[in-house]
Amino acid sequence: MLKCVTFDLDDTLWEVDPVIRQANQTLWQWLEDNAGTFTQLHKPADLVEGSKLRAELLAEQPEIAHSMSLVRLRLLEKGLENCGFDPQEAETLAVKAFEVFMRARHEVEFFEHALEMLKTLRSEGLTIGALSNGNADVGLTGASELFDFQYNADKVGTAKPHPLMFERALEHTGLRPEQVVHIGDHPINDVQAARDVGCWTIWVNLPGQEWPEEAKADEKVTSLDQIPAAVKRIAEKAKHRATL
């Protein structure tokens, strides 16, 4: 019955905050070297979530809020235009700056046991997918051979907990929800959202937090090496349910 396992990426397979901090530092240095007026008139905080510049951008273009890539690209364009660059120059520089950021954004350090766990699941014949609200591409992280497909908010046009990303994964694999386990760290965006479309769920709780009301997962793990055994238990539940 169980055919596929899907994973959230950021804070499920690696810690995202240190990666983004380093990527932002790399981006800022590039801007300083290639568009100095940007760093003279702005602060590093202008490029992060919650900034005034970001709020202004999303007020003007609310339709891009789901896309971390588009938000950052347009944020760079807006900041560069504010510094006196004409629209064409701003667009060209923003694209180059975004490429610098994205290269650094993929310099991730996988959590302990992550790669071995993924290899174990593949060896058991399971299809493995990535479903992420972030803009990471597993193909650029050194784990491309361990994934069969990937969808993110940029690609589908909405972010979890909206069901569309899960629906696209089901369409892609040709599977029913009860044949899929989704694994992630977020009680709502991963556990509740996947459960609502009928998938099995595993909550990744590496910090050992209290079980929130939203995280009524079928299994929970506090270390990634526990996932293969949790998947096997779910497979047995699925098999039993199918005989009822």
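Note: the structure precedes this text.
What you see is a predicted model, and the numbers here were worked out from it, not measured in a lab.

## Section: the overall build of the chain
Phase 1 of the analysis: Within the chain, the secondary structure is distributed over 10 helices and 6 strands.
Phase 2 of the analysis: Reported as C-alpha extents along the three principal axes, the dimensions of the chain are approximately 70 × 35 × 30 Å.
Phase 3 of the analysis: Split into buried and exposed, the 244 residues of the chain put 50% on the buried side.
Phase 4 of the analysis: Nonlocal contacts in the chain, meaning residues at least 24 apart in sequence, comprise 57% of its contacts between residues at least 6 apart.
Phase 5 of the analysis: Within the structure as shown, the chain displays about 11900 Å² of accessible surface, and the carbon and sulfur contribution to it stands at 48%.
Phase 6 of the analysis: Looking at the chain, you have 25 positive and 40 negative side-chain charges, and the mean spots of the two groups are 6 Å apart.

## Description of the packing of aromatic side chains
Phase 1 of the analysis: Across all of its chains, the model carries 3 aromatic pairs by this definition.
Phase 2 of the analysis: The ring of Y151 carries K155 above its face, with NZ or CZ at 4.7 Å from the centroid.

## Looking at the pairing of strand β2 (residues 127-132)
Phase 1 of the analysis: For β2, the buried fraction is high: 5 of the 6 residues fall into the buried class.
Phase 2 of the analysis: In this structure, strand β1 (residues 4-7) lies alongside β2, joined through 4 bridges in parallel fashion. In the sheet register, T6 faces β2, and the bridge partner there is G129.
Phase 3 of the analysis: Across 4 bridges, the pairing between β2 and strand β3 (residues 149-152) is parallel. Looking across to β3, one finds that S132 is bridged to N152.

## Thoughts on the layout of surface pockets
Phase 1 of the analysis: Reported here for the largest pocket is a volume of approximately 810 Å³.
Phase 2 of the analysis: D10, V16, E49, M68 and G134 are the residues nearest the centre of the largest pocket, which is lined by 32 residues in total.
Phase 3 of the analysis: Taken together, the elements giving at least two residues each to the lining of the largest pocket come down to α1 (16-34), α3 (52-60), α4 (68-82), α5 (87-105) and α9 (187-196).
Phase 4 of the analysis: In terms of residues, the lining of the largest pocket owes the most to one element, α1, which gives 5 residues.

About the criteria used
Residue positions are counted from 1 within each chain, in the order its sequence is given. In view of the model being predicted, local features appear only for residues whose pLDDT reaches at least 70, and side-chain atom pairs are presented and counted only at 80 or more, with totals across whole chains, interfaces and linings using the full set of residues. Side-chain measures here rest on the full set of heavy atoms in the structure, leaving out hydrogens and waters. The helix count covers DSSP runs of H or I at least four residues long, the strand count covers runs of E at least two residues long, and both are numbered beginning at the N terminus. Burial status follows relative accessibility: with a 1.4 Å probe on protein chains alone, a residue under 20% of its type maximum counts as buried, one over 50% as exposed, and anything between as partly exposed. Every residue pair with non-hydrogen atoms within 4.5 Å of one another is taken to be in contact. Surface accessibility in these figures is a Shrake-Rupley result with a 1.4 Å probe; residues are shielded only by whichever protein chains are displayed. Counting rule for charge: Lys and Arg are taken as positive, Asp and Glu as negative, and neither His nor the chain ends is counted. Here the site of a charge means NZ on Lys, CZ on Arg, CG on Asp, or CD on Glu. Only Phe, Tyr and Trp rings take part, Trp by its six-membered ring, and two of them pair if their centres are within 6.5 Å. Stacked means planes under 30 degrees apart, edge-to-face means over 60, and tilted covers everything else. Cation placement over rings: the criterion is NZ of Lys or CZ of Arg within 6 Å of the ring centroid and within 35° of the ring normal. Only strands joined by at least two bridges in the DSSP assignment are considered to pair. A 1.4 Å probe that fits into a set of points on a 1 Å grid over the protein atoms alone but cannot get out defines a cavity; an open set with protein on both sides within 12 Å along at least five of seven lines defines a pocket, and lining residues are those with an atom within 4 Å of a point. Grid points are joined across faces, edges and corners, and a volume is the space filled by probe spheres set on the points.

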